[in-house]
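Next come the chains, spelled out residue by residue.
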Amino acid sequence: MDEKSFWHIPVLFHEYIDSLNISSTKRNIVIDCTLWLGGHAVGIIQKLHKGDVFVGFDLDNDNLKSSREIIEKSVGEFAKETGITIHCIHANFRDIRAKLLELGIDSVTAVCYDLWVSSAHFDDADRGFSFRFTGKLDMRFDRENGGKTAHDIINHSSEKELIEMLRTYGEEPKARFIAEAIVRARKVQPLETTEELTKLIEETSYDPKSVVRSFQGIRIAVNDEFGSIETSLKDTINLLSKWGRCSVITFHSLEDRLVKQIFAEYLQAERDEFTGQDTVPAILKKVTKKPLLPTDLEMKQNKRSRSAKLRIVEKK
Ligand SMILES: C[S@@+](CC[C@H](N)C(=O)[O-])C[C@H]1O[C@@H](n2cnc3c(N)ncnc32)[C@H](O)[C@@H]1O
């Protein structure tokens, strides 16, 4: 096993892979939207057979390079011998439809998302995701395609926009005070580093949790994480073939709520309010009534799994 994958334990491994309902007789086209270290991807590919296609995405090119290496080392030979096609693509999963069309794919049997940030992001001071280290205010998953950085947002958003961001994406109760402090500080000189921002939040809120929440809010805004999830899930639902599955692991209540709401739109039939008849049938059905959670043993072995939830839906 590779050094990087050694310390990475993919969350809900068996539940996630089994949820994709990979067929041993029919052709599978499986999309893993969040490759990182390919922990789940390797398990998925091992279940595929001749003629199947696996497509993986990652928005972070460094993470994509890691998954490519790990997939090649672990299952590259197996895939070649068996006749499985593998594509690992640097892309935002919000572009799933366009990226698959480029490969000539307009229908898929399973799509999965293991959301939230990889520890590779938090552990690299240079990326500016963590308040534990001093780094530039960046926080972009994708550093190669431009886009706003945390520095741009912190130094150029209006006070109202900052409040909204900290409240909505960080659930920060002291959002107004923090936004005011940011605007006051940047009048003197722009905020440049994670350390400066951390100090300012701590001095304003007197609450270390405000730093965690604010950094989360800024990161979600920088990457438009919720916009990507919404666009992608809606396209995925359209791309799924009959009985195709979509599985999503979330780690945060805000993310889980969003996924639940999007699925809910397709789980209910449209009904005529006068006749009570269904006018448009539901497109999806739930595979499990409640989201799947890690077992006590998994939580003990892998603390990161504690807040994980797996939602699974099937196309009707
Ligand atoms: C929790 S990790 C996935 C771990 C992976 N399942 C494994 O077992 O190794 C999430 C990954 O999703 C990527 N990611 C986040 N947002 C993305 C997006 N909008 N499009 C594509 N990849 C994204 C991150 O860069 C990160 O590598």
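Residues numbered from 1 in each chain as written. Predicted model: local features only at pLDDT ≥ 70, side-chain atom pairs only at ≥ 80, totals over all residues. Heavy atoms only, no water.

Undergrad: Explain the nonpolar core to me, and be specific about the residues and the numbers.
TA: Soluble globular proteins: nonpolar side chains tend toward being buried together. Formed by 33 residues in total, the largest nonpolar core has its most connected members in Ile31, Phe57, Leu100, Val108, Tyr113, Leu233 and Phe263. Secondary structure elements with two or more residues in this core: strand 1 (29–32), strand 2 (53–58), helix 5 (96–102), strand 4 (108–114), helix 12 (225–239), strand 5 (240–250) and helix 13 (253–267). No other element matches the 6 residues that helix 13 contributes to this core. With near-sequence residues (within four places) excluded, Phe57 lies in contact with Ile31, Asp32, Cys33, Thr34, Leu35, Ile89, Ala91, Ile96, Lys99 and Leu100. Membership of the second largest hydrophobic core comes to 30 residues, among which are Val30, Leu35, Trp36 and Ala41. (Core = buried A, V, L, I, M, F, W, Y, C linked by side-chain atoms within 4.5 Å. Buried < 20%, exposed > 50% of the residue type's maximum accessible area, 1.4 Å probe, protein only. Helix = DSSP H or I, 4+ residues; strand = E, 2+ residues; numbered from the N terminus. Contact = heavy atoms within 4.5 Å.)

Undergrad: Quick rundown of the layout of surface pockets? Include the residues and the values.
TA: Space inside the largest pocket adds up to approximately 470 Å³. Forming the walls of the largest pocket are 21 residues, and the residues nearest its centre are Trp116, Phe122, Phe131, Val212 and Arg219. Examining the composition of the lining of the largest pocket, we find that 5 residues originate from one element, helix 11 (residues 208–222), more than from any other. Considered class by class, the residues forming the lining of the largest pocket number 9 nonpolar, 7 polar and 5 charged. Looking at the lining of the largest pocket, you find at least three residues from each of domain 1 (3–119 + 226–315) and domain 2 (143–222). (1 Å grid on protein atoms, 1.4 Å probe; cavity = no way out; pocket = protein on both sides within 12 Å on 5 of 7 lines; lining within 4 Å. Points joined across faces, edges and corners; volume = space filled by probe spheres on them. Nonpolar A, V, L, I, M, F, W, Y, C, P; charged D, E, K, R; others polar. Domains from an automatic or database assignment.)

Undergrad: How would you sum up the site of the ligand? Please name residues and give values.
TA: The local shell around the ligand holds 22 residues, among which His40, Asp58, Asn63, Asn92 and Phe93 are the closest. One nitrogen or oxygen atom from the main chain of Leu59 is found 3.1 Å from a nitrogen atom belonging to the ligand. Within the side chain of Asn92, one N or O atom sits 2.8 Å away from a nitrogen atom of the ligand. Burial of the ligand by the surrounding chains reaches 97%, relative to a free accessible area of 610 Å². Given that more than half its atoms are within 2 Å of the pocket grid, the ligand belongs to the largest cavity. A class-by-class count of the residues in the shell around the ligand yields 11 nonpolar, 8 polar and 3 charged. (Near = heavy atom within 4 Å. Polar contact = N/O pair within 3.5 Å; in protein donor to acceptor, adjacent residues only side chain to side chain. Areas by Shrake-Rupley, 256 points an atom, 1.4 Å probe, with all protein chains shown as cover. Sits in = over half its atoms within 2 Å of the grid points.)

Undergrad: Please provide a residue-by-residue account of the packing of helix 12 against helix 13, values included.
TA: Their axes nearest at 10 Å, the elements helix 12 and helix 13 cross at an angle of 30 degrees. As the angle between them shows, helix 12 and helix 13 are arranged roughly parallel. Remark: the crossing between helix 12 and helix 13 carries right-handed chirality. Contact residues: helix 12 offers Phe226, Ile229, Glu230, Leu233, Lys234 and Ile237, while helix 13 offers Leu254, Glu255, Leu258, Val259, Ile262, Phe263, Glu265 and Tyr266. Of the residues that constitute the contact of helix 12 with helix 13, the class distribution is 10 nonpolar, no polar and 4 charged. (Axes fitted to C-alpha atoms, helices over the stretch in contact; angles between N-to-C directions. Parallel < 35°, antiparallel > 145°, perpendicular 65-115°, else oblique. Left-handed = near helix turned anticlockwise from the far one by under 90°.)

Undergrad: Tell me about the sheet that holds strand 9 (residues 309–315), and please be specific about residues and values.
TA: Working definition: the strands of a sheet are paired by backbone hydrogen bonds and lie parallel or antiparallel to each other. Pairing is mixed in the open sheet, where 7 strands are placed in the order 3-2-1-4-5-9-8. Unpaired on one side and paired on the other, strand 3 (85–90) and strand 8 (284–286) mark the two borders of the sheet. Mean inter-strand twist for the sheet, computed between neighbouring axes without regard to direction, equals 15 degrees. Against the sheet, helix 3 (residues 39–46) touches strand 1, strand 2, strand 3, strand 4 and strand 5, its axis set at about 170 degrees to strand 1. Lying on the sheet, helix 4 (residues 61–82) is in contact with strand 2 and strand 3; it crosses strand 3 at an angle near 175 degrees. (Pairing = 2+ DSSP bridges.)

Undergrad: I'd love a proper account of unusual backbone geometry, names of residues and values included.
TA: When glycine is set aside, most residues are seen to have a negative phi, and most peptide bonds are trans. The phi angle at Glu171 is positive, at roughly 50 degrees, despite the residue not being glycine. With respect to the element layout, Glu171 can be found in the loop between helix 8 (159–170) and helix 9 (175–188). Here Trp243, not a glycine, exhibits a phi torsion of approximately 65 degrees, which is positive. Within the element layout of this structure, Trp243 appears in strand 5.

Undergrad: Tell me about the packing of helix 8 against helix 11, residues and numbers included.
TA: Interhelical geometry of helix 8 versus helix 11 gives an angle of 100 degrees and a closest axis separation of 8 Å. As far as their axial angle goes, helix 11 and helix 8 are roughly perpendicular. From helix 8, Met165, Leu166, Tyr169 and Gly170 reach across to helix 11, where they touch Arg213, Ser214, Gln216, Gly217, Ile218, Ile220 and Ala221. A breakdown of the residues in the contact of helix 8 with helix 11 according to their chemical character gives 6 nonpolar, 4 polar and 1 charged.

Undergrad: Pulling in residues and values, what's your account of helix 10 (residues 194–205)?
TA: The first and last C-alpha atoms of helix 10 sit 16 Å apart over 12 residues, in line with the 16 Å expected at 1.5 Å per residue. Regarding helix 10, the residues found buried are Thr194, Leu197, Thr198, Leu200, Ile201 and Ser205. In an axial view of helix 10, the angular spread of the buried residues amounts to 165 degrees, which keeps them on one side of the axis. For helix 10, the secondary structure elements touched by its buried residues are helix 7 (150–156), helix 9 and helix 11. (Expected span 1.5 Å × (residues − 1). Arc of directions from axis to C-beta.)

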